[in-house]
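# Overview (structure and organization)
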Amino acid sequence: MVKSEENSVDRRNFLKIAAGSAAVLVASAPRVGAQENSARPSHEQTSEETKKVDAPATERTTEAPADNPYTQGMAAFVSGLRYEQIAEEVIDRIKLLMLDSFGCAIYGVDLEWSRILMRTLEHLDRSTSCGVWGTSLRLSAPHAALVNGTLVHGFELDDIHRLGVMHVGAVTLPSLLAITEIRPGMSGRDFLTAAVAGYEIGPRVGRCMGEEHIGQGWHSAATVGVFSSAAAAASALRLSKDQTVHALGIAGTQSAGLMAAQYGSMVLRMHTGRSAQSGLYGGLLAANGFTGIVNVFESDYGGFCTTFSRSHDRFNLAELTSGLGVRFETMQVSLKFYSCVSSNHTTLDAIRAIRARRPFSVEEVDHIVVHGSQVTVDHVGWKYRPAGISAAQLNLPFCVATLLLDGNVFVDQFTAQKIVDPVRIALADRVKVVADPDIMARGSEFRQMVRAEVFLNDGTVLTETVETPRGSERSFATKADVIEKFENLATHVFRANQVTAIRDAVLNLETLPDSSKLAHLLTKR
């Protein structure tokens, strides 16, 4: 992307702010607007003076705490980000990431949990502001964000930021598309800018919390996801830095998501939808003067980091602003080519590699041992019991058995019949997942690294080590691979001409004068 001298100077000034340096962050009061603040009494006024002007009760403060440099740093980045400051490779990458998320969502509309959610909300909501992707249903903006975020994460097909331990598209895009519909006129360039803001903020919060966050039982895609959604909404609404501080603080207090949902519940799918909805609320409320927790990350008591880590030291605030505006986390987002939780993918790649090198039949297998991190053991290494499709998709032994029997682990492998198949379950019982101290010593960057060992009946042991899965940031998918996956998923719902129109709109989004066109293309007409 060729940039003018003027843009280069602007970028240098922007980076001074966005890098999060305490030296350039001012601890000024978070104000929704100068005009509103000038009309409010200050803390220096006595209560009698306040009564004289008949001021309404307010939760706004005129003095911001001096302990929120990281929240302000993130807000400065979001409010200051402009399209011209984003590298061409980041723009190219995020378009592919978005296309993948839309394909995942469109495929998800016919799933049982998606139909229940849509049917329930349709009876509650008579608004028609925003479309539900892949359908002709229209709902209010918050409910559309809830459904669309659920659809993206509906079948364990969506992206993953491995170090941030979160699904980024499912929480970022629904709030952004909702805003394009309730406030038409956002250019494609501004849409891309807002998307990048969301894809940058959430993963940094995930990195701050570390893999221990999900290890403690929080569904980090949901808990951390609210910040991606709020950042995208704040950018799309062109909020000021101080308004964005409030948007993040409003979103953060709504953060939730329990990993016990993985053991067979439908609600697991809805976690990302609720996060998308919460971030949308954060942006819209902040735009109208509603205030949030201004030190949502830094607060010693009740802050996001201290509360969710149950500590004052098991997180790293520096990750929130480290390299912000210079190192783009968007480039670290991976795509899935198996329809299961990302923690399973390295093992599946390892088994495929072993079988390609030395083909073996299921009958030859005595047992399989997967060596990985403790997080892998806790997250996906439990003994499989039929408890619904989500339990099957989040269980490593079952997915290994499925790969051995079917040769693939994609959408057709997770049916009501297959998840209770006794042959498959018996084979899964021969897969053991164990913690490996050497892998864990390599740190969170290698959280998904595995060493798979296949023990055959004749005594042969076949071994393969995989650090990162196919489609990861280290071996990202080709453009052709992403398009093929999108078209494969989207043609389950749309005719070929509409699939092509969506693909072309996303890949040429910077040329759209009004990005609400994309929102309309994603729905049935």
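As the structure is a computational prediction, the values presented were derived from the model and not from experiment. (Residues numbered from 1 in each chain as written. Predicted model: local features only at pLDDT ≥ 70, side-chain atom pairs only at ≥ 80, totals over all residues. Heavy atoms only, no water.)

### So, the sheet that holds strand 7 (residues 450-456)
- Read across the open sheet, the four strands follow the order 6-5-7-8; overall the sheet is mixed. The open sheet has two edge strands with one neighbour each: strand 6 (431-435) and strand 8 (461-466). In this sheet, adjacent strand axes meet at a mean angle of 15 degrees when their direction is disregarded.
- The pairing of strand 5 (residues 365-372) with strand 6 spans five bridges and is parallel. Residue pairing for strand 6: His371 is matched across the bridge by Val434.
- Helix 16 (residues 345-357) contacts strand 5, strand 7 and strand 8 of the sheet and is inclined by roughly 135 degrees relative to strand 8.
- On the sheet, helix 19 (residues 396-406) packs against strand 5 and strand 6 and is oriented at approximately 135 degrees with respect to strand 6. (Pairing = 2+ DSSP bridges. Helix = DSSP H or I, 4+ residues; strand = E, 2+ residues; numbered from the N terminus. Axes fitted to C-alpha atoms, helices over the stretch in contact; angles between N-to-C directions. Contact = heavy atoms within 4.5 Å.)

### Here we look at the pattern of salt bridges
- Applying the stated rule across the entire model yields 25 salt bridges.
- Measuring nitrogen to oxygen at the nearest pair gives 2.8 Å for the salt bridge that ties Glu200 to Arg204. A residue pair is termed a helical-turn pair when its members lie 3 or 4 positions apart in one helix, as Glu200 and Arg204 do in helix 9 (residues 188-209) at four residues. Taken individually, Glu200 and Arg204 each receive the classification buried, so the pair is uniform in this respect. (Salt bridge = Lys/Arg side-chain N within 4 Å of Asp/Glu carboxyl O. Buried < 20%, exposed > 50% of the residue type's maximum accessible area, 1.4 Å probe, protein only.)

### Considering helix 4 (residues 69-80)
- The end-to-end C-alpha distance of helix 4, which contains twelve residues, comes to 16 Å, matching closely the 16 Å that a straight helix rising 1.5 Å per residue would cover.
- Buried residues dominate helix 4, accounting for nine of its twelve residues.
- Every buried residue of helix 4 is accounted for by Thr71, Gln72, Gly73, Met74, Ala75, Ala76, Phe77, Val78 and Ser79. (Expected span 1.5 Å × (residues − 1).)

Without other data, these values stay purely geometric and don't point to any function.
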